[in-house]
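# Results of the structural survey
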Amino acid sequence: MDGADIENREWSIVRVYLEKATPQQRHIFAARSNYDGNSKAIRWLIDNPALDRATAHLIYWYLGAAWYVQFASEDAMESYQVETFQLLKLIEQRCRNNFYTSNYIWFDPKCTDGSGPNDYPDLPVKRAIPAFMMQPTGGEDYVDLDDLEDYDDGLPIDIAKEIFALYD
């Protein structure tokens, strides 16, 4: 099996997991996933209207929204930054337009161990973050992201082992 086949099989395993996952499991995946190697999965989540609003907010901040305030437009950034900038704007639009209809999970961008609004306080703000992205979500379900012994890279251990086996 070549590299492309392995990547396709890995994505298939992750996609099937995410399709069946609970909102809480998707939130854990978004919080503990390696964003550098998971662009398909992150995009799948962003494009899913069943995604909990809290998870959309978490992804927004974990993509580095606080870093991108220094750019007024795509013209001022490096080419590799454009895709992330576009995803941030897409999440903002979808949150503004209530694309994500589920709102059961609580998330406060100011109370996270991941990226948040205070990450780059000295950057000049050329494109402000909308106020609604700074607010806690209204959900009542708190997802504990600290005690995840049964997870690896945001996936349950059995799913992670299935992926690891592809590379043996």
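Scroll up a little and you will see the structure.
Overview of the structure. (Residues numbered from 1 in each chain as written. Predicted model: local features only at pLDDT ≥ 70, side-chain atom pairs only at ≥ 80, totals over all residues. Heavy atoms only, no water.)

On a plain count of helices and strands, the chain comes out with 7 helices and 2 strands. N-terminal to C-terminal, the α/β element order of the chain is α-α-α-α-α-α-β-β-α. Scaling as 2.2 N^0.38, a compact globule of 168 residues should have a C-alpha radius of gyration of about 15 Å, and the chain matches this with 16 Å. Principal-axis analysis of the C-alpha atoms gives the chain an extent of 45 × 40 × 25 Å. Within the chain, the fraction of its 168 residues that count as buried is 46%. Approximately 9,200 Å² of the chain is accessible, and the part contributed by carbon and sulfur atoms is 47%. Averaging the locations of the 15 positively and 29 negatively charged side chains of the chain gives two centres separated by 8 Å. (Helix = DSSP H or I, 4+ residues; strand = E, 2+ residues; numbered from the N terminus. Rg over C-alpha atoms; globule rule 2.2 N^0.38 Å. Buried < 20%, exposed > 50% of the residue type's maximum accessible area, 1.4 Å probe, protein only. Areas by Shrake-Rupley, 256 points an atom, 1.4 Å probe, with all protein chains shown as cover. Lys, Arg positive; Asp, Glu negative; His and termini not counted. Charge placed at Lys NZ, Arg CZ, Asp CG, Glu CD.)

Another point: the state of the cysteines. Under the criterion given, the structure shown has 0 disulfides. No disulfide involves Cys 95; its sulfur sits 18 Å from that of Cys 111, the nearest cysteine. Judged by its relative accessible area of 55%, Cys 111 falls in the exposed class. (Disulfide = S-S within 2.5 Å.)

Glancing now at the pattern of salt bridges. Under the counting rule described, the total for this entry stands at 6 salt bridges. Put simply, Asp 113 and Arg 32 hold a salt bridge, and the shortest N to O gap is 3.0 Å. One end of the pair, Asp 113, is in the loop between α5 (79-96) and α6 (131-134); the other, Arg 32, is in helix α2 (residues 23-32), and 81 residues separate them in sequence. Judged by its relative accessible area of 27%, Arg 32 is partly exposed. It is possible to trace a salt-bridge network through shared partners that takes in Arg 43, Asp 47 and Arg 94. (Salt bridge = Lys/Arg side-chain N within 4 Å of Asp/Glu carboxyl O.)

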